[in-house]
Amino acid sequence: MSITTPVAPTATPPSARVDARDYHLTAEEIAQFDRDGYLVLKGRIPAPLLQRLRDAADRWIAEGHARGPADESAVDYQWAVRGGAQRLFRIDYLHSKGEDASLELLGSPAVLGIAESLAGPNFVPTYESMVFKDTGDGAAIDWHQDAVHPRTHRIFNIDVYLDASRIGEGALRVAPGSHLAPVDVCQLQEEYGWDAPGVIQVELEPGDVLIHDVMVVHGSEAVTGNRLRRTIYYEFRAAEQIFAEGPWDAEWVDRRLRLLPVALARHDEGMPEAERFAWNADESLRPVTRGDADDELRIAHGVHSPGSYCSAGSVPFRAEDDASDPSA
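Residues numbered from 1 in each chain as written. Predicted model: local features only at pLDDT ≥ 70, side-chain atom pairs only at ≥ 80, totals over all residues. Heavy atoms only, no water.

Quick word on the sheet that holds strand 8 (residues 200-202)
Piece 1. Strand order in the open sheet formed by five strands is 8-7-10-5-12, and the pairing between neighbours is antiparallel. The two strands at the open ends of the sheet, each matched to only one other strand, are strand 8 and strand 12 (308-309).
Piece 2. Sheet topology note: the strand 5 (residues 141-145)/strand 12 ladder contains two bridges and is antiparallel. Among the inter-strand pairings, Gln-145 is bridged to a residue of strand 12, identified as Ser-308.
Piece 3. Most of the contacts of helix 5 (residues 185-192) go to strand 5, to which it runs at about 135°, and overall it touches strand 5 and strand 12. (Pairing = 2+ DSSP bridges. Helix = DSSP H or I, 4+ residues; strand = E, 2+ residues; numbered from the N terminus. Contact = heavy atoms within 4.5 Å. Axes fitted to C-alpha atoms, helices over the stretch in contact; angles between N-to-C directions.)

Some details on the sheet that holds strand 1 (residues 38-41)
One key point about sheets: their strands pair by backbone hydrogen bonds, in either a parallel or an antiparallel sense.
Piece 1. Spatially, seven strands are ordered 1-9-6-11-4-3-2 in an open sheet, and the strand pairing comes out antiparallel. On the outer flanks of this sheet lie strand 1 and strand 2 (77-82), each paired with one strand and no other. Sheet twist, expressed as the average angle between the axes of neighbouring strands with direction ignored, equals 20°.
Piece 2. The sheet contact formed by strand 6 (residues 156-161) and strand 11 (residues 229-238) spans six bridges and is antiparallel. Across the sheet, the residue bridging to Asp-159 is Tyr-233, located in strand 11.

A word on helix 1 (residues 27-36)
Residues that lie three or four places apart on an α-helix share one face, since the helix turns once every 3.6 residues.
Piece 1. Residues of helix 1 that are buried: Ile-30, Phe-33, Asp-34 and Asp-36.
Piece 2. Close packing links the buried residues of helix 1 with strand 1, helix 4 (109-119), strand 6 and strand 9 (209-213).
Piece 3. Directly after helix 1, the chain includes Gly-37, whose backbone phi takes a positive value near 90°. (Buried < 20%, exposed > 50% of the residue type's maximum accessible area, 1.4 Å probe, protein only.)

Observations regarding the nonpolar core
Piece 1. Of all hydrophobic cores here, the largest spans 62 residues; its most connected members are Met-130, Ile-211, Ile-232 and Phe-236.
Piece 2. Setting aside chain neighbours within four positions, we find Met-130 in contact with Ala-57, Trp-60, Ile-61, Phe-89, Arg-90, Ile-91, Leu-94, Leu-162, Arg-230, Thr-231 and Ile-232.
Piece 3. Membership of the second largest hydrophobic core comes to nine residues, among which are Trp-143, Ala-175, Ala-196 and Val-199. (Core = buried A, V, L, I, M, F, W, Y, C linked by side-chain atoms within 4.5 Å.)

Next comes the structure, spelled out in structure tokens:
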């Protein structure tokens, strides 16, 4: 089967108001992202912030292990049975987990310059999580598309690597160009396994960033004896896309945008000598904060855009579908 299509992307171009500073993507980088569905930025995260993120990640994982899989109140800590044992592999809503580093990262020009370049000035931070493979947990992440949508705008993840990702050690596999249409990932897995035509493996170092379109087909094979590998994922969408297509409403967008003033302040505190990001959102979207930072930090989703996963069945986009399947 083919995993590419000749259909050109219809993503909305960056706004003319985007300030072409160093932290914004170049026209060539944007074109490469639109063509391939992913882009690697080497050494993107400053070393002091990277170390704070690594330390925070250690504490998040320790907290999850301390609470354990039986703690029904710990819904943000995701466990799975792998190799006959319960394994912690994902932590959601990072900003509410007591570590300023996640907000400092969100407020950094290293992240927000990407967001503005690809979503325009009215970008919305829609998800934040850390996914990791613990030491000795080399389970496969099957081929999948994170979310399937009409492609009127770019929807993308900014993946911040806290540890090295190596070929032969479960490095991410990506199918360039596969983001342009829904893919039957079950058929792909059955026909090719991990060696579909054109698939590449991406090697990354701590502090590198991989940007991936939420529809690009990606995954990683099982390995044994792997080292700890942690990646922070921040998803962004344009407010205009959410208002037109959902699955959230204007009130939810306002709540998510209230993360940004808090994040910008945290970045200024953590790196007072560093360049600051100039937030260019429309005045009509700028939120009025409530003065209680803790109240701004965990905005539950309730519904999600469906993706395409073999384990859950392939979910191709259809215009008549309600793109709000909470089980995705």
